[in-house]
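# Examining the three-dimensional arrangement
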2 protein chains.
Amino acid sequence: MGKTRIIAPPGEPFIDMERDFDAPRELVHRAYLDPELVTQWLGPRKYEMVLDQWDARDGGAYRYVHRDGQSEHGFHGVFHSMSIDNMVQTFEYEGAPGHVSLDIQAIEDLGNGRSRVKSHSVFMSVADRDAMVQAGMGEGVEDGYNRLDELLAKLQPVGASH
Amino acid sequence: MGKTRIIAPPGEPFIDMERDFDAPRELVHRAYLDPELVTQWLGPRKYEMVLDQWDARDGGAYRYVHRDGQSEHGFHGVFHSMSIDNMVQTFEYEGAPGHVSLDIQAIEDLGNGRSRVKSHSVFMSVADRDAMVQAGMGEGVEDGYNRLDELLAKLQPVGASH
């Protein structure tokens, strides 16, 4: 069983997720803002990550491609805000153009150098949301968060957080 | 009764709107893209419109303020895409920070120099959607669209469209 709690309520165009990390929230935030760090964790491990653009500020844009030997998957969107308790961005998979979702994320302080990422995704329809779940989004997110976990451990001086 | 068809289905976080205009869709599109034109129609007639920024391209941002003698209301967001059949942007009223919605609009060709703007708005929750309806959003939209109607008539050479 994964460490990410994922809720996709029947008949509603939402996906809610929660994941706890063994790192202070400022460091987690940095891993979302800094393209050098993003490229090391965002997305499933099996793909090569090509980060074309990651301008994580209000009004900035992003685009990245996940690729393996067989296929390439492009994603892009814009950042509406990127403060630690209100990261808001659009998301579009280029394989399904015109189907855009809105991701709202907050990083909470759990104390003792730990933090929680809460994510609320809003889709244009319940059908869009269901398609995202069926495309294996849960596994991809879990894999990416596991990589983020490992990256955060590397970024912290040993024994610093507890 | 207004000329805009507005649907807010109970229990769903959506607002759908349709409005027909007596102008070709390219001209309507221009009225959405060009800040000089946007400032002449966007929002209720009773407010002065102050357009701080309107960079209507993929990855661009916008901000405007509606004000009268008593109050000021700021709005801002980012453009995800602005093609004629897929205009996608975020929307946040600064009086309710953190409540962001996603607007998806398309301008359809009705033939004979007429066009239809279809709008689909997606909110973070049903409560957010209901608050928007209760804030009188329908009247504001109707008023803005009526101004757009008048602007489009001025922009077209007399007798050119039929």
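The structure contained in this document is the topic of the report that follows. Predicted, not measured: the structure shown is a model, and the values here were computed from it.

## Observations concerning the packing of helix α1 (residues 25-33) of chain A against helix α4 (residues 137-155) of chain A
All names here are of chain A. The geometry of α1 relative to α4 is characterised by a closest axis approach of 11 Å and an angle of 115° between their N-to-C directions. Relative to α4, the crossing made by α1 is right-handed. On α4, the residues that touch Leu 27, Val 28, Arg 30, Ala 31 and Tyr 32 of α1 are Tyr 145, Leu 148, Leu 152 and Leu 155. For the contact of α1 with α4, the per-class residue count stands at eight nonpolar, no polar and one charged.

## Concerning the interface of chain B and chain A
Facing the 23 residues of chain B at the interface are 23 residues of chain A. Across the chain B/chain A interface, buried area totals approximately 1700 Å², and carbon plus sulfur atoms make up 72% of it. Linking chain B with chain A are zero salt bridges, by the criterion used here. Elements with a minimum of two residues in the side of chain B that touches chain A: β5 (72-83), β6 (86-93), β7 (100-111) and β8 (114-122) of chain B. At five residues, β5(B) tops the list of elements feeding residues into the side of chain B that touches chain A. Looking at the side of chain B that touches chain A residue by residue, the class counts come to 12 nonpolar, 10 polar and one charged.

## Structural notes on the pairing of β5(B)
All names here are of chain B. Counting buried positions along β5 gives nine out of 12 residues, so the element sits mostly inside the fold. Relative to β5, strand β4 (residues 61-67) is paired through seven bridges, and the arrangement is antiparallel. Looking across to β5, one finds that Ala 61 is bridged to Val 78. Taking the residues that link successive antiparallel strands as the turn, the β4-β5 hairpin has four residues. Relative to β6, β5 is paired through six bridges, and the arrangement is antiparallel. Note on β6: the bridge partner recorded for Phe 79 is Gln 89.

Rules of the game
Starting afresh in each chain, residues are numbered from 1 along the sequence in its written order. Here the convention is simple: chains get letters from A, ligands get numbers from 1, in the order in which they are written. In view of the model being predicted, local features appear only for residues whose pLDDT reaches at least 70, and side-chain atom pairs are presented and counted only at 80 or more, with totals across whole chains, interfaces and linings using the full set of residues. Processing note: side-chain calculations cover all non-hydrogen atoms of the structure and skip hydrogens and water entirely. Each axis is a line fitted through C-alpha atoms, taken for helices only over the stretch in contact, and angles between the N-to-C directions span 0 to 180 degrees. What counts as a helix is a DSSP run of H or I of at least four residues, what counts as a strand is a run of E of at least two, and both are numbered from the N terminus. Handedness of a crossing is defined here by the sense of rotation of the near helix relative to the far one, left-handed for an anticlockwise turn of less than a right angle and right-handed for a clockwise turn. Should any heavy atoms of two residues lie within 4.5 Å, those residues are counted as being in contact. Under the grouping applied here, Gly and all other residues not named as nonpolar or charged are polar, the nonpolar ones being Ala, Val, Leu, Ile, Met, Phe, Trp, Tyr, Cys and Pro and the charged ones Asp, Glu, Lys and Arg. Buried area: the accessible surface (1.4 Å probe) lost by two parts on joining, summed over both. By convention in these notes, a salt bridge is any Lys or Arg side-chain nitrogen within 4 Å of a carboxyl oxygen on Asp or Glu. The classification of residues rests on relative accessible area computed with a 1.4 Å probe and restricted to protein chains. Under 20% of the type maximum is buried, over 50% is exposed, and intermediate values are partly exposed. Strands are labelled as partners when DSSP assigns at least two bridges between them.

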